[in-house]
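Inside the fold
Listed below, chain by chain, are the residues.
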Amino acid sequence: MKQLTKKRTADPAIESIKQTWRGFIAVYPKLLLICGLLIAAQQLTAQETAEIQNFWRKSYIQADAGKTGLGPQGEKAVWTVEKIANSTDVRLKHVASGAYLHAETDAKFPAVGAAGPGWLSAMWIMEPIAGTNLVRIKNKWRSLYLHTETGALEMGAVQPGWLSAQWQIYRSSSISTTSSPNTTAPEILGAMGSGTFPDQISAPLKQIIWRINIAGNLSKSMDAGKTWNDLNKKLAYVSAINNTTAWGINFEGKIELSLDGGITWRTTSGLLKQISGVDDKIAWGVNDKMEIYRTLDAGFTWSKVSGVAQSISAVNGTTAWALNSGNIWRTNNAGSNWSQVPGKMKSISAKSFDLGIGIDDQGNLKSTVNAGKSWVSVANGYFLSAVTYADNAGYAIDNNLKLIPITFGWIEKDAIVLTPAAPKNGSLMVFNEAGYVATIALTYTDAAGNVLKNDQIALGSSKQYDIPSSAKNIVLKVEGVSCIDPLSMEVKFASAADLKQCYKVWGTIFSTEWGSMNCF
């Protein structure tokens, strides 16, 4: 059974192990029950129907008549990406046949067929490629990569720069059983702005939502999910405190902290697989051994907390809820003691020592205000995850991978914003923290005609412009005066309705820099 070992073994040895294992099952039926429970513990969470294209060959991974290969889009190339709970690994299930992509029988050519939930040979690691929306796909058991170096779909060791080992994951525009090719442009799951949420979100406030998609790309919304900004960062997990502060875990398990809205990140000490931040100093987390840790000094040191957990939801420095095999526990004395909460959940998000929301084994969304003595249904159906940002409100991801705003006791399903607010006047601000003078040129068109504004700002000064909501074709240009390295900042906006953007310039005359900044 692959869940008992990670060691790669030659095929004859595998057969010998399987024969020995069958003997154990015959003699020790209780051992079979234990292993069955281990397999059941690896429940799958979010799923995404996708097509996987090789970046070099521009062909797609296919399965047909029990064999794998490469070919065009269509029924044979549609896969379900099954996210494995409490892990960054996935399983790839062929939609048409129901078979899983695995490396059980061959070390060179991947196969498709039945695969148990615990098979490491059917688990794949999506390794994000820095600076791109591409991934490398690595088999968890054999530690070999999918590639097309020889023109066929193979597995093997690859070099970092091989285009043949780089893959683009697209959402499938259709999962129909017809063989007609897709006629609409596929959406890159690695890109920000996707309408579905195949991985993880963190919502500290109603308007502020941080998200990680299936390729590990981090993005952020400041308008309750209407629009998204790519933060040019890869993470496996994120826990946001507000618009500027967020804790993250990268794909090596290292802990990172951002204090400037995700622009820069500092790596802290320790290794974790899940984290729950309280503020810029305090966070709780669990590692791959289910050990619980807490920091009170922004991650410079971590202290082990009593108990074991698969995930944790922190309220403050002393209060947290934790999940262990579906059982719910809570503490209000920093883990010195844990008390069990009635009920069983597969995910939990706590707001106080008594209040939280959770998803049960059937996928139903529930809430409690009395520490689990009673659970009230928020919505039936099948939900993949939920987070709370207020005592009676939060967000959930449903079975269709859609972001749903929730209020405890009822749920909005039609739209994220039911009644659009009246448009507000826009504003643009530029702050100079550079060692040079900067010139600002702002142009736009409104009811009075063309408007042009010119200004200069020195070190430590700023300039803010209020722009009528009716303004169109807005262009903001900022240049450095007497700079050897041109600044050449230019941003454009189609309209000013609800526009609110702030920027800063920095650096020297030899190395000019600019970027966005927090307006709050």
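For the structure, check the block above.
To keep things clear, this report deals only with the structure shown in the data block.

Cut-offs applied
- Residues numbered from 1 in each chain as written.
- Predicted model: local features only at pLDDT ≥ 70, side-chain atom pairs only at ≥ 80, totals over all residues.
- Heavy atoms only, no water.
- Pairing = 2+ DSSP bridges.
- Helix = DSSP H or I, 4+ residues; strand = E, 2+ residues; numbered from the N terminus.
- Axes fitted to C-alpha atoms, helices over the stretch in contact; angles between N-to-C directions.
- Phe/Tyr/Trp six-rings, centres within 6.5 Å; stacked < 30°, edge-to-face > 60°.
- Buried < 20%, exposed > 50% of the residue type's maximum accessible area, 1.4 Å probe, protein only.
- Lys NZ or Arg CZ within 6 Å of the ring centre and 35° of its normal.
- Contact = heavy atoms within 4.5 Å.
- Core = buried A, V, L, I, M, F, W, Y, C linked by side-chain atoms within 4.5 Å.
- Polar contact = N/O pair within 3.5 Å; in protein donor to acceptor, adjacent residues only side chain to side chain.
- Salt bridge = Lys/Arg side-chain N within 4 Å of Asp/Glu carboxyl O.

**Let's talk about the sheet that holds strand E18 (residues 237–240)**
Reading across the sheet, the 4 strands line up as E18-E19-E20-E21 and stay open at both edges, with antiparallel pairing between neighbours. One side of each edge strand has no neighbouring strand; the edge strands of this open sheet are E18 and strand E21 (266–271). Each neighbouring strand pair of the sheet contributes to a mean axis angle of 25°, computed without reference to strand direction. Strand direction decides the pairing type here: E18 and strand E19 (residues 246–249), joined by 4 bridges, are antiparallel. Note on E19: the bridge partner recorded for Tyr237 is Ile249.

**Observations regarding the packing of aromatic side chains**
Any aromatic ring pair is given by two values, namely how distant the centres are and how the planes are angled relative to each other. Considering all chains together, one arrives at 3 aromatic pairs under this definition. Centre to centre, the rings of Tyr389 and Tyr395 are 5.5 Å apart; their planes meet at 40°, and the pair counts as tilted. Look at Tyr389 and you get buried, because its relative accessible area is 16%. The lysine or arginine in question, Arg57, covers the ring of Trp56, its NZ or CZ lying 4.2 Å from the ring centre.

**Re the environment of Val437**
Checked against the element boundaries, Val437 lands in the loop between strand E38 (426–432) and strand E39 (438–446). Taking relative accessible area as the criterion, Val437 reaches 31% and is therefore assigned partly exposed.

**Concerning the environment of Thr439**
By the element assignment, Thr439 lies in strand E39. A relative accessible area of 26% places Thr439 in the partly exposed class. Sequence separation of Thr439 and Gln456 is 17 residues, and the distance between their C-alpha atoms is 4.4 Å. With near-sequence residues (within four places) excluded, Thr439 lies in contact with Asp455, Gln456, Lys477, Val478, Glu479 and Val481.

**A closer look at the nonpolar core**
Grouped together as the largest cluster of nonpolar side chains are 25 residues, with contacts concentrated most on Leu428, Leu442, Ile467, Ile474, Leu476 and Val478. Of all elements in the fold, only E38, E39, strand E40 (449–457), strand E41 (462–467), strand E42 (472–480), strand E43 (489–495) and strand E44 (500–508) reach the threshold of two or more residues within this core. The greatest single-element share of this core, amounting to 4 residues, is contributed by E39. If we skip the residues at most four places from it in the chain, Ile467 touches Asn425, Gly426, Leu428, Leu442, Tyr444, Ile474 and Ala496. Among the nonpolar cores identified, the runner-up in size contains 22 residues, and Ile61, Val112, Trp124 and Leu153 belong to it.

**Remarks on the side chain of Arg136**
Structurally, Arg136 is set in strand E9 (residues 135–139). Polar side-chain contacts of Arg136 include one of 3.3 Å to the side chain of Tyr145.

**Quick word on the sheet that holds strand E29 (residues 339–344)**
Backbone-to-backbone hydrogen bonds join strands into a sheet, with any given pair of strands oriented parallel or antiparallel. Pairing is antiparallel across the open sheet formed by 4 strands, whose spatial order is E26-E27-E28-E29. If you trace the sheet from one side to the other, it starts and ends with strand E26 (311–314) and E29, each paired once. Put simply, the sheet's adjacent strands are angled 25° from each other on average, direction ignored. Alignment of E26 against strand E27 (residues 320–324), held across 4 bridges, turns out to be antiparallel. Of the residues in E27, the one forming a bridge with Ser311 is Leu323.

**Here's the deal with the pattern of salt bridges**
Per the counting criterion, the structure on display carries 12 salt bridges. In this structure, the salt-bridge partner of Glu252 is Lys254, at a minimum N-O distance of 3.4 Å. Exposure remark for Lys254: the relative accessible area of 35% places this residue in the partly exposed category. Between Glu433 and Lys504 there is a salt bridge, with its nearest N and O atoms 3.9 Å apart. With Glu433 in the loop between E38 and E39 and Lys504 in strand E44, the pair connects residues that are 71 residues apart, well separated along the chain. The partly exposed category is assigned to Glu433, whose relative accessible area is 38%. Each of Lys477, Glu490 and Lys492 takes part in a single network of salt bridges with overlapping partners.

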